[in-house]
Amino acid sequence: MAAVSTHSTLFHELKTSCNLVLKSDVSSLCSVKFRSSSSRGVAVYAQSTNDDHKRHDDAVLSVPESSLTASAASSSADPKVKRHTVSVFVGDESGMINRIAGVFARRGYNIESLAVGLNKDKALFTIVVSGTEKVIQQVMEQLKKLVNVIKVEDISKEPQVERELMLIKINADPQHRAEVMWLMDIFRAQIVDTSDQSLTIEVTGDPGKMVAVQRNLSKFGIREIARTGKIALRREKMGESAPFWRFSASSYPDLEAAVPFDSVSRAVITHAGESESSVGGDVYPVERADDISFNQVLDAHWGVLNEEDTSGLRSHTLSMLVNDAPGVLNLVTGVFARRGYNIQSLAVGHAEIEGLSRITTVVPGTDESISKLLQQLRKLNDLHEVRDFTHLPFAERELMLIKIAVNAAARRNVLDIASIFRAKAVDVSDHTITLELTGDLDKMIALQRLLEPYGICEVARTGRVALVRESGVDSRYLRGYSYPL
């Protein structure tokens, strides 16, 4: 229903009266016109059929200009704000995470999840953020301007394999454990730690599965949650139009009878960060060994130099509980960057409390330097808690998606190796296979080394997530000892 006034009243008063025209009184709409004023009116010429003698009156629908503009914009444009998955491939450098987070923070974007794991001297970021297509493209252009950024892609519109890892600690009384085990079988979860009153569960899947698991286990009481954030790789296409077809064909000539492509040339990297053959490889298959400058602190082993020497340089696992707000990640990583620390692994995901996020990071340093770093972090207003798990018994997990070049014969061998490591095949094409692996750092490195001879196309790693073991058992001390019969 709209407020209208008669045509004669319009010229005597500037204000709108409250005479109402019923829908049944108007038989036809003859014209629409606007008057130029701060509160625009829509002049409607309507024909009334209430009287025997038909008469023509003008009616004015007075609508504020701002309302007209807003309604026109909302009706002409569909909602375009969508969740985007941005993949950023960078060279490992101190402060790189802070620079990438700063691009989003300066524009007021809240990073919903971020996962990054180090592969030799390169790192692949997987960032999930909501925004319009136009603005995300502008952000990507800004990311490309950063030093040592090799490639930036938005893979949201393409078919992709997406996975996320979550460690969840719940209250588990003895009378409820049967129901918990039943739910674990449904979601294919695994127990990584148990105590008298709690269970720590590991579950892997897409973000929708994570939400479903959290909802079903919330009735038991959730103590802590550590999530990695989503990682994603494109699903490989079939045939010669696929991105990694030429790379696979160079490794397996039977895929293509005549390959006008030298297998040695695929290992040469241009200054732009892409191979000369435009294969689009990620880390291992497109680098020569003599071109890689290894640093024992920044390599894929995360700088564990001497586990026995607590005063020396080693990797430290930090867990932080922060507010889920734009710019918080930039503030946290800025503390590391200003002091020259290189974050080797970072996982950001929603925590057990709404409005909070948990950041799990791995940083190399001595016990003394990390202690000073924690003191600086505790000064942040948006940080509620920070803990160093290094000297505590904790359950750690990492998730990796790895795409390998194969032919029919190599595919069987790769699947045999995957079964040994309990890895799962999540995508397959005529020339590649993508595996999903969950475990600790040593397991990741061991699988990658075994698969290197076949040719690794892409690697996406989440980095480490960790929760303290309530049982108090440190599994590292159990290795190397035979179990009693």
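Quick caveat: nothing in here was measured; it's all calculated off a predicted structure. (Residues numbered from 1 in each chain as written. Predicted model: local features only at pLDDT ≥ 70, side-chain atom pairs only at ≥ 80, totals over all residues. Heavy atoms only, no water.)

> Would you mind going over the overall build of the protein with me for this structure?
The helix and strand inventory of the protein stands at 11 helices and 22 strands. In the protein, 71% of the contacts between residues at least 6 apart in sequence involve partners at least 24 apart. Summed over all atoms, the accessible surface of the protein reaches about 24,200 Å², with 52% contributed by carbon and sulfur. (Helix = DSSP H or I, 4+ residues; strand = E, 2+ residues; numbered from the N terminus. Contact = heavy atoms within 4.5 Å. Areas by Shrake-Rupley, 256 points an atom, 1.4 Å probe, with all protein chains shown as cover.)

> Before we go on, may I ask you to explain helix α9 (residues 367-377) in this structure?
In an α-helix, one turn spans 3.6 residues, which is why side chains three or four residues apart end up on the same side. Among all positions of α9, only Ser369, Ile370, Leu373, Leu374 and Leu377 are buried. Taken end-on, α9 shows its buried residues confined to a sector of 145 degrees, consistent with a single buried face. Of the exposed residues in α9, those oriented more than 90 degrees away from the buried face are Glu368 and Lys372. Where the residues of α9 are buried, they touch β14 (314-323), α8 (328-338), β16 (356-365) and β17 (383-388). (Buried < 20%, exposed > 50% of the residue type's maximum accessible area, 1.4 Å probe, protein only. Arc of directions from axis to C-beta.)

> Before we go on, may I ask you to explain the pattern of salt bridges in this structure?
Any two side chains of opposite charge can pair if their charged atoms end up close together. On inspection of all chains with the given rule, the structure shows 22 salt bridges. Of the charged contacts, one joins Glu436 and Arg163 as a salt bridge, the two residues approaching to 2.8 Å between their closest N and O atoms. Here the residue Glu436 occupies a position in strand β20 (residues 432-439), and Arg163 occupies one in strand β9 (residues 160-171), the gap between them amounting to 273 residues. Per residue, the accessibility class of Glu436 equals that of Arg163, and both read buried. Glu202 is paired through a salt bridge with Arg397; the nearest N and O atoms lie 2.8 Å apart. In this pair, Glu202 is assigned in strand β11 (residues 198-205) and Arg397 in strand β18 (residues 394-405), connecting sequence segments 195 residues apart. (Salt bridge = Lys/Arg side-chain N within 4 Å of Asp/Glu carboxyl O.)

> Can you walk me through unusual backbone geometry in this structure?
Of all residues except glycine, most have a negative phi; of all peptide bonds, most are trans. Its identity as a non-glycine residue notwithstanding, Asn148 has a phi of 70 degrees, on the positive side. With respect to the helices and strands, Asn148 occurs in the loop between α4 (133-144) and β8 (149-154). What makes Asn148 partly exposed here is its relative accessible area of 34%. Its identity as a non-glycine residue notwithstanding, Arg188 has a phi of 55 degrees, on the positive side. Among the secondary structure elements, Arg188 is positioned in the loop between α5 (177-187) and β10 (190-194). You can call Arg188 exposed: its relative accessible area is 69%.

> Looking at this structure, I do not really get the side chain of Thr434. What am I missing?
Topologically, Thr434 is positioned in strand β20. Those residues in contact with Thr434 that sit more than four places away from it in its chain are Leu233, Ile402, Lys403, Lys424, Ala425, Val426 and Asp427.

> Honestly, the environment of Arg464 in this entry has me stumped. Any pointers?
Turning to its location among the elements, Arg464 is positioned in the loop between β21 (456-461) and β22 (465-468). Given the relative accessible area of 7%, Arg464 is considered buried. In this structure the side chain of Arg464 is engaged in a polar contact, spanning 2.5 Å, whose partner is the side chain of Thr317. (Polar contact = N/O pair within 3.5 Å; in protein donor to acceptor, adjacent residues only side chain to side chain.)

> For this particular structure, what's the right way to read the nonpolar core?
Soluble globular proteins tend to pack their nonpolar side chains together in the buried interior. In this structure, Val88, Ile100, Phe125, Phe336 and Leu377 are the most contacted members of the largest nonpolar core, which totals 44 residues. When neighbours within four sequence positions are excluded, Phe125 is seen to be in contact with Val86, Ser87, Val88, Val90, Met96, Ile97, Ile100, Leu114, Ala115 and Val116. One finds Met400, Val414, Phe421 and Leu435 within the second-largest nonpolar core, a separate group that totals 24 residues. (Core = buried A, V, L, I, M, F, W, Y, C linked by side-chain atoms within 4.5 Å.)

> Could you clarify how one ought to interpret the confidence of the model for the protein in this entry?
Low pLDDT marks regions whose predicted coordinates should not be analysed in detail. Looking at the protein as a whole, its pLDDT mean stands at 74, while 69% of the residues score no less than 70. In this model, residues 1-78 is a region of pLDDT below 50 whose contacts with residues beyond four sequence positions or in other chains number 92 contacts. Segment residues 258-310: pLDDT under 50, and 106 contacts once partners within four positions in sequence are set aside and those in other chains are kept. (pLDDT = per-residue confidence, 0-100.)

> Any chance you could explain the packing of helix α3 (residues 96-105) against α4 here in plain terms?
In a packed pair of helices, the relevant descriptors are the angle between the two axes and the axis-to-axis distance. Contact pair α3 / α4: the axes reach a minimum separation of 10 Å and the direction vectors enclose 150 degrees. As summarised for this structure, α3 and α4 are arranged roughly antiparallel, according to the angle between their axes. The two elements α3 and α4 cross, and the hand of that crossing is right-handed. Contacts between α3 and α4 pair Ile100, Val103 and Phe104 from the former with Val139, Gln142 and Leu143 from the latter. Taken together, the residues of the contact of α3 with α4 sort by class into 5 nonpolar, 1 polar and no charged. (Axes fitted to C-alpha atoms, helices over the stretch in contact; angles between N-to-C directions. Parallel < 35°, antiparallel > 145°, perpendicular 65-115°, else oblique. Left-handed = near helix turned anticlockwise from the far one by under 90°. Nonpolar A, V, L, I, M, F, W, Y, C, P; charged D, E, K, R; others polar.)

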